[in-house]
Amino acid sequence: MSDGHRIAVVGAGAFGTALAAVIALEGRSEVTLLGRDPSLMADLRADGMHNAALPGIHLPDALQYSAEPEILAGAETVLFAMPSQAQADAAAQFGPYLAPGATVVTCAKGIDRGTSRLLTEVLEAVLPHHPVAVLSGPGFAADIARGLPTAMAIAAADLAAAERLAYAISGRTFRLYASSDRTGVQLGGALKNVLAIACGIVEGMGLGDSARAALIARGLAEMSRLVEALGGRGSTVQGLSGLGDLVLTATSHQSRNLRFGISLGKGEPPDFARGDLVEGAFAAAVAARLAEGHGISMPITRAVAEIIEGRLDIPSAIEQLMTRPITTE
């Protein structure tokens, strides 16, 4: 039985559909999935499946579908589940339809490439009258949609607001942990993609699991430094959005970022058409610029950015990382 809370998920790709499905399954909220293609939404309504994005997975009967942005006027919470570089345009497009005071939750893991700003900052600039929260953490769309146990973080400007969102969105198989550190949660989600590419390079070159473990540990230290420089709490990235997400995407071949890195490690040139779907390919250069601007040492992130941009070959990058001055941990 719904408690009357109404949620809209904007973006009918794999992740958006999975989020809408798992929230609707719990039954505490009325959930509508909003997509751009009317024919696709009609097919989802008729078939109860999204075989192009989540093959073989049945969607809950309670989930509603629409291609009409007017439905946003009835939602108290709106989840933006499109890629990071599309979030600003989505805010401009859908902002006029939002109910007054509706909370917007960005569900992308990236940094805006054009402005080097966090996505919450980008959305707040376009939607100044709406609270903006962020959902991030270790969760593949197919696992979420299948009802496999998944835990993620949700952060808002104040903890009470994050806790209300966690209750509205969580379910028996999808648990959210509340945080007030939007900076840490966002950077954990964005930078883990960069480090997953690095781990993919290690795997593609056959450098072994010890090298992967070292990258995960030292990459986590890089995350913490940048989070603190931008006003967040370094300890946040030791949680779900950071360490948890990094372990998942640095080890599972479901990760596009890991697979992208593997192809680089095997000597294949960066495929920028494919990179449009790899958030870490964008985040690497932006994070490297932020680190330089704040005087932060992020050698792994910088190396990944330079490899993708073709300014550094992989053997040279490895040599640079392994011959850095010995220091304390």
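The rules we used
- Residues numbered from 1 in each chain as written.
- Predicted model: local features only at pLDDT ≥ 70, side-chain atom pairs only at ≥ 80, totals over all residues.
- Heavy atoms only, no water.
- Helix = DSSP H or I, 4+ residues; strand = E, 2+ residues; numbered from the N terminus.
- Rg over C-alpha atoms; globule rule 2.2 N^0.38 Å.
- Contact = heavy atoms within 4.5 Å.
- Areas by Shrake-Rupley, 256 points an atom, 1.4 Å probe, with all protein chains shown as cover.
- Lys, Arg positive; Asp, Glu negative; His and termini not counted.
- Charge placed at Lys NZ, Arg CZ, Asp CG, Glu CD.
- Core = buried A, V, L, I, M, F, W, Y, C linked by side-chain atoms within 4.5 Å.
- Buried < 20%, exposed > 50% of the residue type's maximum accessible area, 1.4 Å probe, protein only.
- Salt bridge = Lys/Arg side-chain N within 4 Å of Asp/Glu carboxyl O.
- Axes fitted to C-alpha atoms, helices over the stretch in contact; angles between N-to-C directions.
- Parallel < 35°, antiparallel > 145°, perpendicular 65-115°, else oblique.
- Left-handed = near helix turned anticlockwise from the far one by under 90°.
- Nonpolar A, V, L, I, M, F, W, Y, C, P; charged D, E, K, R; others polar.
- Pairing = 2+ DSSP bridges.
- Expected span 1.5 Å × (residues − 1).

Asks: In this structure, what is going on with the overall build of the protein? I would like to understand it.
Replies: Within the protein, the secondary structure is distributed over 14 helices and ten strands. Against the globule reference of 20 Å for 329 residues, the protein gives a C-alpha radius of gyration of 19 Å, in line with a compact fold. Overall, the C-alpha framework of the protein stretches about 60 × 40 × 35 Å when taken along its three principal axes. Counted over contacts in the protein with a minimum sequence separation of 6, partners at least 24 positions apart contribute 69%. Total accessible area on the protein stands at roughly 14,200 Å², and carbon and sulfur atoms take up 54% of it. A distance of 3 Å separates the average location of the 25 positive side-chain charges in the protein from that of its 33 negative side-chain charges.

Asks: Would you mind going over the nonpolar core with me for this structure?
Replies: Nonpolar side chains tend to gather and get buried jointly when the protein is soluble and globular. Ranked by size, the top nonpolar core spans 45 residues in total, and within it Ile197 and Leu264 carry the most contacts. Taken together, the elements giving at least two residues each to this core come down to α7 (182-205), α8 (209-229), α9 (240-251), α10 (256-265), α12 (279-293), α13 (299-308) and α14 (314-322). Counting 42 residues, the second-largest nonpolar core is a separate cluster that includes Phe15, Val31, Ala162 and Ala168.

Asks: Help me out: how do you make sense of the pattern of salt bridges in this one?
Replies: Tallying each qualifying case throughout the model produces ten salt bridges. Measuring nitrogen to oxygen at the nearest pair gives 3.7 Å for the salt bridge that ties Arg311 to Glu306. With its nearest N and O atoms 2.7 Å apart, the salt bridge here joins Arg311 to Glu309. Residue Arg311 is classed as exposed on the basis of its relative accessible area, which comes to 56%. What makes Glu309 partly exposed here is its relative accessible area of 41%.

Asks: It is not clear to me how the environment of Val126 should be interpreted in this structure. Could you clarify?
Replies: By the element assignment, Val126 lies in helix α4 (residues 119-126). For Val126, a relative accessible area of 34% gives the class partly exposed. Excluding residues that lie within four positions of it along the chain, Val126 makes contacts with Ala88, Ala91 and Ala92.

Asks: Sorry, what's going on with the packing of α12 against α13 here?
Replies: Any two packed helices are characterised by how steeply their axes cross, that is the angle between the axes, and by the distance between the axes. Contact geometry for α12 and α13: axes closest at 8 Å, N-to-C directions at 125°. Taken together, the axes of α12 and α13 lie oblique to each other. The interaxial crossing formed by α12 with α13 has left-handed handedness. Between α12 and α13, the contacting residues are Ala281, Ala284, Ala285, Ala287 and Ala288 on the first element and Thr301, Arg302, Val304, Ala305 and Ile308 on the second. The residue makeup of the contact of α12 with α13, split by class, is eight nonpolar, one polar and one charged.

Asks: What's the story with the sheet that holds strand β2 (residues 29-34) in this structure? I'm lost.
Replies: For sheets, the rule is that strands pair by backbone hydrogen bonds, running either parallel or antiparallel. Strand order in the open sheet made by the eight strands is β5-β2-β1-β6-β7-β8-β9-β10, with mixed pairing throughout. The strands lining the two open edges of the sheet, one partner per strand, are β5 (64-66) and β10 (174-179). Neighbouring strand axes in the sheet, compared pairwise and without regard to direction, differ in orientation by 25° on average. Pairing geometry for strand β1 (residues 5-10) and β2, over six bridges, is parallel.

Asks: What should I look at first to understand the environment of Gly35 in this one?
Replies: For Gly35, the position within the fold is in the loop between β2 and α2 (38-47). Taking the C-alpha atoms as reference, Gly35 lies 8.7 Å from Pro69; in sequence the two are 34 residues apart. For Gly35, the residues in contact, after removing those within four places along its chain, are Ala12, Met41, Ser66 and Ala67.

Asks: Would you take a moment to explain the pairing of strand β4 (residues 54-58) for this structure?
Replies: Working note: regular strand, side chains alternate between the two faces of the sheet. Relative to β4, strand β3 (residues 49-50) runs antiparallel, the two sharing two bridges. When the sheet's bridge partners are listed, Met49 is paired in β4 with His58. The antiparallel pairing of β3 with β4 creates a hairpin that spans three residues between the two strands.

Asks: Whenever I open this one, α8 confuses me. Can you help?
Replies: One turn of the α-helix equals 3.6 residues, which is why residues spaced by three or four share an orientation. Look at α8: 30 Å from first C-alpha to last across 21 residues, which is about the 30 Å you get at 1.5 Å a residue. When we look at burial in α8, the residues that qualify are Arg212, Leu215, Ile216, Gly219, Leu220, Ala221, Glu222, Met223, Ser224, Leu226 and Val227. Residues of α8 that are buried make contact with α7, α9, α10, α12 and α13. Immediately beyond the C-terminal end of α8, within one or two residues, lies Gly231, with a positive phi of roughly 95°.

Asks: Would you mind going over unusual backbone geometry with me for this structure?
Replies: Negative phi characterises most residues that are not glycine, and trans characterises most peptide bonds. At Ser116, a position not held by glycine, the phi torsion is positive, near 60°. Looking at where Ser116 falls in the secondary structure, it is placed in the loop between β7 (103-106) and α4.

That is the geometry; function is a separate question.
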